[in-house]
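This is what each chain is made of:
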Amino acid sequence: MARLPDKPFTSWRALVYYMKTENTEKGPRLQTSGNIRHLQKHRKLAKSSLNTSVTMDVEVDNDLQCPICLELYTYPIILPCSHVLCRSPCAEQLFDFNFIRCPVCRDNCYVSGGISSLPRVIALENIIERYKTEQKKEKPSTTKSNSKQTTNSPQANQSDTNENLAKSLSLLNSSVTTLSSLTESFKTGSEIKCQNCKSATRKRAKKYCLTCESNFCATCLRQNHPNKDPFTDHEFTEPKEHSSNKVSSKSTSSNASATPGSTYRDIIDCYCTLCAQPFCSGSDDRLVHNSHSVLPIENAYKEFKNAIEENADKLSSSQAKVVTSLKDLKDGLKDVQHVLSRRRDEINVQCDMLLAEIENKRSYFLADLEYEERINSNSIEDSIKRLEKVLGASQGLQGYVKDVLSSEKAPFLEIASTLNERVQKATRDCESASTVLPLDTDNLNYKVVDCRREKVLLNELHYLSPPSTPIVDVTRCSRSESTVVLALCPPTNVHEVVDQYEVHFCSEEQKNVELEETVLVKNSVEDSSSTKISANASGVLVLLLENLCRSATYYFCLSASNLAGKSGSSEVVQCTTLADGENVIPAPSITERLCKRFTSSIQIFSSSPVDVAAEQKISHFLLYRQPSQNRVWKCVSMYGREEHRVFGLAPSTEYEFVILAYNQRGECQLSNKVLLQTESSSSF
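Predicted model, so just to flag it, every value in this text is computed and none were measured. (Residues numbered from 1 in each chain as written. Predicted model: local features only at pLDDT ≥ 70, side-chain atom pairs only at ≥ 80, totals over all residues. Heavy atoms only, no water.)

Some remarks on the state of the cysteines
Okay, so step 1: Within the structure shown, the criterion is met by zero disulfides.
Okay, so step 2: Considering cysteine sulfurs only, Cys220 is the nearest to Cys217, which forms no disulfide, with 3.5 Å between them. (Disulfide = S-S within 2.5 Å.)

Printed below as a string of structure tokens:
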């Protein structure tokens, strides 16, 4: 129990200051009945001392101030730690989810009902109102006493002093009474300790749980009553005495005397799985968990430890997967950036090539116009110089004639004959010079370039897409003893680009052992786009698969590809090569010496289409390509003629030609192959 000093307080301010320092430094030790009697005793001593004092300090302004705003209390409320604050805005700013931290003692106080549940200190409000009234009365009385200081007698001054002392005593009595009532209101809560603290020094209890039948400090209340089921239905009241509290204190003291190193933690031997809370089987807490599932503390410890270790192992495994996924994503990001960078470079190269081709065309057209301008300018300038010379000579002669005509008769007759001849010759020269042929500008009108079609193509320029699945025209396919001819239908998309065809085939014996062969047939650069077809081409592409076995069954499957990707596989085509002597079609032939070459075309001569009878129903097709292995053939029908001309060829380029003859039964024969080169283009 705290003791008050033996020397009586000489002022109300000294008494309140002493009580505040005691409450702050040593806790609520003045809030007992013994302290109240001690306060009453000192109140009498203070009264007798004040009666004999000549001066007394009655300035209680600092004692009635809020420790936060340093103003007189406005709507004062008392905290569970016995300190007083203004409700608004001081206490409201400190309040946080049913907890408020006292700015004086630094105690974290729990308030179950919120800030509205804290009691209002009406007695302290009355003291403040009385203090304000006294302050208002003292100001005019002080002014009045100063004005009449010369007329007042010593007896009047003594009377005013006694009156002030009486008022101060009255104020002190009411303050002590108020503090006594406040101390009694928190007397019970200050003496009760928490029943759940794990340390040897337990904190003061803040609330009592009616469901758990236990007192809790602020820390234990937060730990043991989280905001979840089944704790949301628990009810709380102010701390109160409980039998388990005494038993626990006695057992703790006895255990401490028996084994000085033991603590409260040693008596916890059970764990409630429903409440997720450990407790002591020897305390009254066991009554709360009678109907709950309870495990020994060691079993619960091992169970949770094993579960946590297992989950930690799973977490480590999951972290390893996350690390692997993160590495894959980073590698994927690098791959994406690399691919996009490569595609960016390819697009720049393609655009540069296109721009270079456009620049070449522009240079060609401009050079041609410059050549035409130079030729026409030189011709016209020569005519102008000649006419200017004739005109100058005739004008000089005309002036001389005028002078001669004005001379004497005798001199005139001497030169008349010669002058007349000169005038006639000048006249003939002028007439001859005036008959200049008109300028031929019609030829210049044809020097026009129209890029509208090219602009449309540029507008339709887009990203390359994988080709569609190739379709094999089985009605045009044929075979011989060692060759199979596969005819491909033209693609439906005119903008489709095919770089190469991949042919998978196998014989019946290879099929049984699951073996197959693959042949890559490339498409030429200028023929990769289906839009570039020669004037008399049918658009049908032909694949020749040679050096096959005789009288053998083969299975063929095709796919197309370009830089954007690969198409799907076509339907499987079955074809059986002919045996020796089975083919009845006469072999066609090309007469190379009768073939003609031009700049952009070649004329092929072959008498085979007219040598066969019409009853045989044999069709002849001319196949051509640039000479290279594994390249697609273009197909042109010969229409039964000896001569056939292929257009749309590149100048100064070598081409390979062969004639295909086949009948309706799918039998075919190939002619000899001929290499011919187009003529070079003429330049200006």
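Re the sheet that holds strand β7 (residues 214-216)
Okay, so step 1: Strand order in the open sheet formed by three strands is β7-β6-β8, and the pairing between neighbours is antiparallel. Looking at which strands have only one partner, the edges of the open sheet turn out to be β7 and β8 (236-237).
Okay, so step 2: Relative to β8, strand β6 (residues 207-209) runs antiparallel, the two sharing two bridges. When the bridges of β8 are listed, Cys209 appears paired with Phe236. (Pairing = 2+ DSSP bridges. Helix = DSSP H or I, 4+ residues; strand = E, 2+ residues; numbered from the N terminus.)

A few points about the sheet that holds strand β11 (residues 294-296)
Okay, so step 1: The strand order across the open sheet formed by three strands is β10-β9-β11, and the pairing between neighbours is antiparallel. Only two strands of the sheet have a single partner each, and these edge strands are β10 (277-279) and β11. Along the sheet, successive strands turn relative to each other by an average axial angle of 30°, direction set aside.
Okay, so step 2: Across three bridges, strand β9 (residues 270-272) lies against β11 in antiparallel orientation. Across the sheet, the residue bridging to Cys272 is Val294, located in β11. (Axes fitted to C-alpha atoms, helices over the stretch in contact; angles between N-to-C directions.)

Concerning the pattern of salt bridges
Okay, so step 1: This structure, assessed with the given rule, holds 20 salt bridges.
Okay, so step 2: Among the ionic pairs, Asp107 bridges to Lys206, the shortest N-O distance being 2.5 Å. Of this pair, Asp107 sits in the loop between β4 (99-101) and β5 (108-110) while Lys206 sits in the loop between α6 (187-191) and β6, and the two are 99 residues apart along the sequence.
Okay, so step 3: Classification of Asp107 as partly exposed rests on a relative accessible area of 23%.
Okay, so step 4: Accessibility expressed as a relative area gives 5% for Lys206, which makes it buried.
Okay, so step 5: A salt bridge links Asp450 to Arg452, with the shortest nitrogen-to-oxygen separation between them at 2.7 Å.
Okay, so step 6: When its relative accessible area of 45% is taken as the criterion, Asp450 is described as partly exposed.
Okay, so step 7: For Arg452, a relative accessible area of 60% corresponds to the exposed category. (Salt bridge = Lys/Arg side-chain N within 4 Å of Asp/Glu carboxyl O. Buried < 20%, exposed > 50% of the residue type's maximum accessible area, 1.4 Å probe, protein only.)

Some details on helix α9 (residues 297-405)
Okay, so step 1: Along its 109 residues, α9 runs 155 Å from first to last C-alpha, staying within 8% of the 162 Å computed at 1.5 Å per residue.
Okay, so step 2: Residues of α9 that are buried include every one of Ala300, Asp368, Glu372, Ser394, Leu397, Val401 and Val404, and no others.
Okay, so step 3: Contact partners of the buried residues in α9: β9, β11, α10 (409-434) and α11 (442-445). (Expected span 1.5 Å × (residues − 1). Contact = heavy atoms within 4.5 Å.)

Focus on the nonpolar core
Side chains that are nonpolar tend, in soluble globular proteins, to be buried together.
Okay, so step 1: In this structure, Tyr73, Leu79 and Leu124 are the most contacted members of the largest nonpolar core, which totals 23 residues.
Okay, so step 2: For this core, the element with the most residues is helix α4 (residues 122-147), which contributes four residues.
Okay, so step 3: By size, the runner-up hydrophobic cluster in this structure holds 22 residues, among which are Val472, Val484, Leu548 and Ala552. (Core = buried A, V, L, I, M, F, W, Y, C linked by side-chain atoms within 4.5 Å.)

Some details on the environment of Val472
Okay, so step 1: Within the secondary structure layout, Val472 lies in the loop between α12 (452-459) and β12 (478-479).
Okay, so step 2: Classification of Val472 by relative accessible area gives buried; the value is 12%.
Okay, so step 3: Taking the C-alpha atoms as reference points, Val472 and Ala487, separated by 15 residues in sequence, lie 5.9 Å from one another.
Okay, so step 4: Residues within four places of Val472 in sequence aside, it is in contact with Cys477, Ala487, Leu488, Leu558, Ser570 and Val573.

Looking at the pairing of strand β22 (residues 619-625)
Okay, so step 1: Across the seven residues that make up β22, a large majority, six, are buried.
Okay, so step 2: The pairing of β22 with strand β25 (residues 654-662) spans seven bridges and is classified as antiparallel. Looking at β25, one finds that His620 is bridged to Ala661.
Okay, so step 3: As paired strands, β22 and strand β23 (residues 633-637) are joined by four bridges and run antiparallel to one another. Across the sheet, residue Phe621 finds its bridge partner in β23, namely Ser637.

Observations regarding unusual backbone geometry
With the exception of glycine, the majority of residues adopt a negative phi angle, and the majority of peptide bonds are in the trans configuration.
Okay, so step 1: Between Ser88 and the following residue, Pro89, the backbone shows a cis peptide bond with an omega angle of 0°.
Okay, so step 2: When you line up the elements, Pro89 lands in helix α3 (residues 87-94).
Okay, so step 3: Despite not being glycine, Ser82 shows a phi value in the positive range, around 80°.
Okay, so step 4: Classification of Ser82 as buried rests on a relative accessible area of 18%.
Okay, so step 5: A positive phi angle is found at Glu514, which is not glycine, with a value near 60°.
Okay, so step 6: Here Glu514 is to be found in the loop between α13 (508-512) and β15 (517-522).

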